[in-house]
Amino acid sequence: MKISTKVRYGARAMLELASHYGKGPIELKEIAKREDISIKYLEQVIIPLRTAGLVKAIRGSKGGYSLAKSPSEILLNDLVETLEGPLDLIECLRNPTACRKVPTCVTRDIWKDVQEAIQRVFHSITLEDMLNRKGEKENLIPPMYDI
């Protein structure tokens, strides 16, 4: 079980956009440079985020991308579902008729608990929360000294 590169890069890009919220758009090439993500890959990630109404594009010489909503209104789950679809650890959680053992399956109950725990986390974290965590981490990094 892994979080896809698409979701990881999407989260990093959205965090960059969140850090610029209210300050105007930022170009994708700037996000790509700051986050060390291929611009071509980032272009593919931004399309579904824009389609879902999480990101908006601004055209023109001072154009770029910005969040379509406040960072406090965008959940990590919004990003994950937009880029990967709903979380389904196993088929029978979404479709109980997929397996005849559903009524007596102990492992299904465990996978259901795991899926619900992941969903609780994804639904409890906003981009604003992520920005706060980023700020806390940046405060832990010692300054670089020129020798």
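Bear in mind the structure is a predicted one, so any value in this text is a computation, not a measurement.

Draft legend 1. Spatial organisation of a nonpolar patch on the surface. Together, Met-1, Val-106, Ile-110, Trp-111 and Val-114 make up a nonpolar patch on the protein surface, roughly 530 Å² of accessible area in all. Within the secondary structure, Val-106 is located in helix H6 (residues 106-124).

Draft legend 2. Representation of the pattern of salt bridges in the model. The tally for this structure, following the rule as stated, stands at nine salt bridges. Note that Lys-29 and Glu-27 form a salt bridge whose closest N and O atoms lie 3.5 Å from each other. We classify Glu-27 as partly exposed; its relative accessible area is 34%. Across the salt bridge formed by Glu-91 and Arg-94, the nearest N and O atoms sit 2.9 Å from each other. Here Arg-94 and Glu-91 lie together in helix H5 (residues 91-94), a separation of three residues that amounts to about one turn.

Draft legend 3. Region of the structure containing the pairing of strand S1 (residues 55-58). Pairing of S1 with strand S2 (residues 64-67) involves four bridges; the strand directions are antiparallel. The partner of Val-55 across the bridge, within S2, is Leu-67. Hairpin connection between S1 and S2: a loop of five residues separates the two successive antiparallel strands, and Gly-60 in this loop has a positive phi of roughly 110°.

Draft legend 4. Seen up close, the side chain of Arg-108. With respect to the helices and strands, Arg-108 occurs in helix H6. Asp-109 is the oppositely charged side chain nearest to the buried, salt-bridge-free Arg-108, at an N-O distance of 4.8 Å. Discounting residues that sit within four places of it in the chain, Arg-108 has contacts with Ile-90, Cys-92, Leu-93, Pro-96 and Val-102.

Draft legend 5. The arrangement of the layout of surface pockets in detail. When its volume is computed, the largest pocket comes out at roughly 270 Å³. Considering the residues around the largest pocket, the lining is formed by 14 residues, among which Met-1, Lys-2, Ile-3, Leu-87 and Leu-89 are closest to the centre. When residues of the lining of the largest pocket are traced back to their parent elements, those giving at least two are helix H4 (76-84) and H6. Its residues placed into classes, the lining of the largest pocket shows nine nonpolar, two polar and three charged.

Draft legend 6. Representation of the environment of Lys-23 in the model. Assignment of secondary structure puts Lys-23 in the loop between helix H1 (5-19) and helix H2 (28-35). Along the chain, Lys-23 and Leu-75 lie 52 residues apart, while their C-alpha atoms are 21 Å from each other.

Draft legend 7. Seen up close, the environment of Cys-92. You can see Cys-92 is positioned in helix H5. Taking the C-alpha atoms as reference points, Cys-92 and Leu-49, separated by 43 residues in sequence, lie 28 Å from one another. Apart from residues no more than four positions distant in its own chain, Cys-92 is found in contact with Ala-98, Cys-99, Val-102 and Arg-108.

Draft legend 8. Broad picture of H2. Regarding H2, the residues found buried are Leu-28, Ile-31, Ala-32 and Glu-35. One face of H2 carries all of its buried residues, which in axial projection span an arc of 100°. Turned more than 90 degrees off the buried face of H2, the exposed positions are Lys-29 and Lys-33. On its buried face, H2 sits against H1, helix H3 (39-51) and S2.

Draft legend 9. Expanded view of the nonpolar core. Grouped together as the largest cluster of nonpolar side chains are 30 residues, with contacts concentrated most on Met-14, Leu-17, Leu-49 and Val-55. For this core, the secondary structure elements donating two or more residues are H1, H2, H3, S2, H4 and helix H7 (127-140). Setting aside anything within four residues of it in sequence, one finds Leu-49 in contact with Met-14, Leu-54, Val-55, Leu-79, Thr-82 and Leu-83.

About the thresholds
Residues numbered from 1 in each chain as written. Predicted model: local features only at pLDDT ≥ 70, side-chain atom pairs only at ≥ 80, totals over all residues. Heavy atoms only, no water. Patch = residues over 30% accessible without salt bridge, like charges linked within 9 Å, V, L, I, M, F, W, Y side chains within 5 Å. Areas by Shrake-Rupley, 256 points an atom, 1.4 Å probe, with all protein chains shown as cover. Salt bridge = Lys/Arg side-chain N within 4 Å of Asp/Glu carboxyl O. Helix = DSSP H or I, 4+ residues; strand = E, 2+ residues; numbered from the N terminus. Buried < 20%, exposed > 50% of the residue type's maximum accessible area, 1.4 Å probe, protein only. Pairing = 2+ DSSP bridges. Lys, Arg positive; Asp, Glu negative; His and termini not counted. Contact = heavy atoms within 4.5 Å. 1 Å grid on protein atoms, 1.4 Å probe; cavity = no way out; pocket = protein on both sides within 12 Å on 5 of 7 lines; lining within 4 Å. Points joined across faces, edges and corners; volume = space filled by probe spheres on them. Nonpolar A, V, L, I, M, F, W, Y, C, P; charged D, E, K, R; others polar. Arc of directions from axis to C-beta. Core = buried A, V, L, I, M, F, W, Y, C linked by side-chain atoms within 4.5 Å.

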